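# Survey of secondary and tertiary structure
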Amino acid sequence: MKNIFKAIIITIFFTSCVQIKTSDTSTTSSKDVDEVEVLIQNIFDDIWSDHQADAISKYHTDDFLLLEHGEVWTNDTIANWCKMAAKRDNGSKRINNFERISAKQDGNKIWLAYHNYATITKDSTERNLSWLESVVAVKKDSIWKLELMHSTRNTKN
């Protein structure tokens, strides 16, 4: 009887430890990841397709960095790019879409890796581009913003 009691206590102890370990592990909320994916879509549509420099502060943290194929871009760099792109607008249209590779969440921070695809059309000419990218998004006051983006062009295109 004494051995059975010890076995039960040991079983309860190990079961409790496993449950505590499981509950302490950060989980990725589908809702939060979906919100970050919408954020990324909005960034590409508003900033990179429509050249809206005024949207940068809506979607990026103040200290946002973009590591773009070996270059470091800040919000100011991107704003300047938007102004130049708007001036040289040649009537092309850019459609963006994404394919998630992986997402991990730690509280109010999400890391997300994805394939980024852009189809650029002008008249009847279509050009397809792709990148391998990752982002770090942070949630402050219930709003997700990008803190970091790393982008590498796919050289197969």
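Now for a look at the structure at hand. This one's a predicted model, so the numbers in the text were calculated from it and none came from an experiment.

Relative to the helices and strands, L132 resides in strand β5 (residues 125–140). In this structure L132 comes out as partly exposed when scored by relative accessible area, which is 46%. Separated by 33 residues in the primary sequence, L132 and E99 have C-alpha atoms spaced 9.9 Å apart. In this structure L132 touches I101, Y114, H115, H150, S151 and T152, once residues within four positions along its chain are discounted.

Turning next to the layout of surface pockets. By volume, the largest pocket amounts to about 860 Å³. Around the largest pocket sit 31 residues that line it, and W81, R94, I120, L129 and W131 are the ones nearest its centre. If you list the elements that add at least two residues to the lining of the largest pocket, you get α2 (30–49), β1 (60–68), β2 (71–73), α4 (75–87), β3 (93–106), β4 (109–122), β5 and β6 (143–153).

Let's shift gears to the pairing of β1. By the bridge criterion, five bridges tie β1 to β6 in an arrangement that is parallel. Along β6, the bridge assignment pairs L66 with M149. In this structure, β1 lies alongside β2, joined through three bridges in antiparallel fashion. Within β2, the residue paired with L66 across the bridge is W73. If you look at the hairpin formed by β1 and β2, you'll find two residues sitting between the two strands, and H69 has a positive phi there, around 45 degrees.

The next point concerns the sheet that holds β6. Taking strand neighbours across the sheet as the criterion, the six strands line up as β2-β1-β6-β5-β4-β3 in an open arrangement whose pairing is mixed. Edge positions in the sheet fall to β2 and β3, since each of these pairs with one other strand and no more. Within this sheet the neighbouring strands show an average axis-to-axis angle of 20 degrees, counted without direction. In the sheet, β5 pairs with β6 via ten bridges, with the strands oriented antiparallel. Counted as the bridge partner of V135 is M149 from β6. Seen against the sheet, α2 touches β1, β2, β3, β4, β5 and β6 and runs at an angle of roughly 150 degrees to β3.

Conventions we followed
- Residues numbered from 1 in each chain as written.
- Predicted model: local features only at pLDDT ≥ 70, side-chain atom pairs only at ≥ 80, totals over all residues.
- Heavy atoms only, no water.
- Helix = DSSP H or I, 4+ residues; strand = E, 2+ residues; numbered from the N terminus.
- Buried < 20%, exposed > 50% of the residue type's maximum accessible area, 1.4 Å probe, protein only.
- Contact = heavy atoms within 4.5 Å.
- 1 Å grid on protein atoms, 1.4 Å probe; cavity = no way out; pocket = protein on both sides within 12 Å on 5 of 7 lines; lining within 4 Å.
- Points joined across faces, edges and corners; volume = space filled by probe spheres on them.
- Pairing = 2+ DSSP bridges.
- Axes fitted to C-alpha atoms, helices over the stretch in contact; angles between N-to-C directions.

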